[in-house]
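Report on the structure
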Amino acid sequence: MRFVSLGTAGHVDHGKTTLVKALTGIDTDRLPEEKRRGMSIDFGFAFLDFPESNLRVELIDIPGHERFIKNAVAGLSCVKGVLLVVDASEGVMPQTVDHVRLMASFGIQHCIVVLTKTDKVDTEILSLARIEVEEFLKREGIHPKCILEVSALLGTGIDTLKLSIKEYATELLSLYEEETFFRLCVDSAFLVKGYGTVVRGSCVSGRIREGDTVVLEPAGVSSRIRRMQNHGAWVKEGKAGERLAVNLPEVDVKQVKRGDMLVKKGEAIKTRRLIAHVRGKLPEGVKTLFHWMREVKFRGRRVEESIYLLDLEEPVVAFVGDMGPILDSSGKLCGSYRVLHPLPIRRSSNFIRQNVDLLTNHLASYMLKEAGVKGVELKRISSAYGRHVNPQKLRAVRVGDKLYDPSVVENLKKRLRDILTKAEYPLHVEEVRSLLGIDQVLLQFLLEDTKGYRRVEGYILDETRSDINKLDVFKRLVEYMGDSIKEEKDLQEFRDILPVAVRRGVVHSLGAYLYVTDQTLHRMVEKLRGLGSSFSVQDAKTTLGLTRKYLIPLLEYLDRLGVTRREGDRRFFVR
């Protein structure tokens, strides 16, 4: 089944809860206080199924009273579309305005307008209400999909509204991307005997399965999902747009707060700092933003025009593109934000200004540039985007588990060559690493790309200039090789120094993965000279005491050196 979340927004007592009940048969006023006062205090939940389209619309009933504006914000945070409910006899009212501006702060630029209580007004009043709503929404930049006239009391217009909701929800399905990382906004939690903690909330992105391990953020508590429900029915999988009750036996219910975020283990990184595009004028001092359902106090510093660096008092799990409202100290809406960078590591206003084009158009490249010689893990880039990022599609150099800006790597190569050209050898690796300010993995990558130099144990050697005789590893190599021919597989301990020794002519590579020291080679040649001006393979075998496995490569190597020349089954000394 496919899921879409819609919210019912509008002024207090304009008939939102009654409308939801007429549509679904569910009374969303569940609290005793709501029943007593005849008014929604907290947001409520219902659903409307369209089996023929394999579609379930999750309805979140938003409280309309101005005193509960923060509950309205939390409810609107998790929906993709809105039913804007307007009492035809009253028209646009203060909370109608507030709710429309709140939904716009979450990036919702469309809605279905429902004119309610039409049984209480005549045609002229109804027409005026329609015109007023149209003009209001036009001023606010909101596009109404349709404006419908409904009487929940008489049931008129309900069937037409249902069809419109189906069409609207079907359009909104494209806004849910399955490849995005899983996030569930928690709105409540309770204990169930025999099961433990159950958290309820709206899945706003990705999907989750029974048995997956999730993390409750910002507490950082992990738990395996034991069971899940959607509106009382057991489900094996939850997906974006769906209301879920998730059984987390390893989480203490006291650790759960409204606005917490449930994420998959290893996917998302929480942050206390955001770079955001801000609309509206921020008041002085501490302000409040809503990140999904979570109310977070923050301080903001203007970087350029509408771009701000936001320092949060508590961490959130944010992805690029996240949006929400900003409230002043009195709880009034004063602006909105859109996250440009959820995981910034550089606070410099100059750096941000100089790279604002990258920041706004290609976040991954900006992250590579701000990381500099430290590099950035692919996991961090993926977390910023809220989805797995293919490193092959990035303009980056991958070294180990980190990615680097290509210009940074090229600059490091130049600096390394300058250091190596002027150095006295052997040169300590740690000295070079410290001069460049990089880790060992990146230094090794740079050395492998720099011809003529090699890392041997704790040193960097110039293959043509370095005095390798002073190195302990070289002394151990010569001692180990002794007077015999050695196979490469027996020289793994010396794999770094061996190519240098060969290049310097201290060790000879015979081919066939065989090696011999220069001194030993000369001694063997002198022994063969004792046989006269020529000798056979059998003569050499007897004299040197070698098997054919070692002897034949040795003799062929002497031929290549021009020491001997083969004629038939004998070899003659050339020099």
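Residues numbered from 1 in each chain as written. Predicted model: local features only at pLDDT ≥ 70, side-chain atom pairs only at ≥ 80, totals over all residues. Heavy atoms only, no water.

An unreviewed UniProt entry lists the protein chain under the name Selenocysteine-specific elongation factor, with Thermocrinis albus given as the organism. On record in UniProt, under Subcellular location (unreviewed entry), the comment for the protein chain is "Cytoplasm". As stated in UniProt under Function (unreviewed entry), the record for the protein chain gives "Translation factor necessary for the incorporation of selenocysteine into proteins. It probably replaces EF-Tu for the insertion of selenocysteine directed by the UGA codon. SelB binds GTP and GDP." (UniProt positions renumbered as here; feature names shortened; annotations may be inferred.)

1. A look at the sheet that holds strand E25 (residues 402-404)
Judged by pairing direction, the sheet is antiparallel, and its three strands sit side by side in the order E23-E25-E24 without closing on themselves. A single partner strand is all that each edge strand has here, and the edge strands are strand E23 (376-377) and strand E24 (397-399). (Pairing = 2+ DSSP bridges. Helix = DSSP H or I, 4+ residues; strand = E, 2+ residues; numbered from the N terminus.)

2. Details of the nonpolar core
In terms of nonpolar packing, the biggest core is built from 46 residues, with Leu76, Val82, Leu84, Cys111, Val113, Leu115 and Leu137 touching the most fellow members. Those elements giving two or more residues to this core turn out to be helix H3 (69-76), strand E4 (81-87), helix H4 (94-105), strand E5 (110-116), helix H5 (123-140) and strand E16 (261-264). One finds Leu23, Leu59, Leu148 and Ala240 within the second-largest nonpolar core, a separate group that totals 26 residues. (Core = buried A, V, L, I, M, F, W, Y, C linked by side-chain atoms within 4.5 Å. Buried < 20%, exposed > 50% of the residue type's maximum accessible area, 1.4 Å probe, protein only.)

3. A few points about the sheet that holds E4
As summarised here, the arrangement of the six strands in space is E2-E3-E1-E4-E5-E6, forming an open sheet in which the pairing is mixed. Two strands lie at the open edges of the sheet, namely strand E2 (44-50) and strand E6 (143-149), each paired on one side alone. Averaged over all pairs of adjacent strands, the angle between strand axes in this sheet comes to 25°, irrespective of strand direction. Across seven bridges, strand E1 (residues 2-9) lies against strand E3 (residues 55-61) in parallel orientation. Within E3, the residue paired with glycine 7 across the bridge is isoleucine 60. On the sheet, H4 packs against E1, E4 and E5 and is oriented at approximately 170° with respect to E4. (Axes fitted to C-alpha atoms, helices over the stretch in contact; angles between N-to-C directions. Contact = heavy atoms within 4.5 Å.)

4. Quick look at a nonpolar patch on the surface
Taken together, Ile125, Leu128 and Ile131 make up a surface patch of nonpolar side chains, about 240 Å² in accessible area. Tracing the chain through its elements places leucine 128 in helix H5. The class of leucine 128 is partly exposed, set by a relative accessible area of 48%. (Patch = residues over 30% accessible without salt bridge, like charges linked within 9 Å, V, L, I, M, F, W, Y side chains within 5 Å. Areas by Shrake-Rupley, 256 points an atom, 1.4 Å probe, with all protein chains shown as cover. Salt bridge = Lys/Arg side-chain N within 4 Å of Asp/Glu carboxyl O.)

5. Here we look at the domain arrangement of the protein chain
Accessible area lost upon the coming together of the parts is a frequently used measure of interface size. Considered domain by domain, the protein chain is made up of domain 1 (2-175), domain 2 (183-264), domain 3 (270-371), domain 4 (407-466) and domain 5 (471-573). Using only C-alpha atoms to locate each centre, domain 3 and domain 5 end up separated by 68 Å. (Domains from an automatic or database assignment.)

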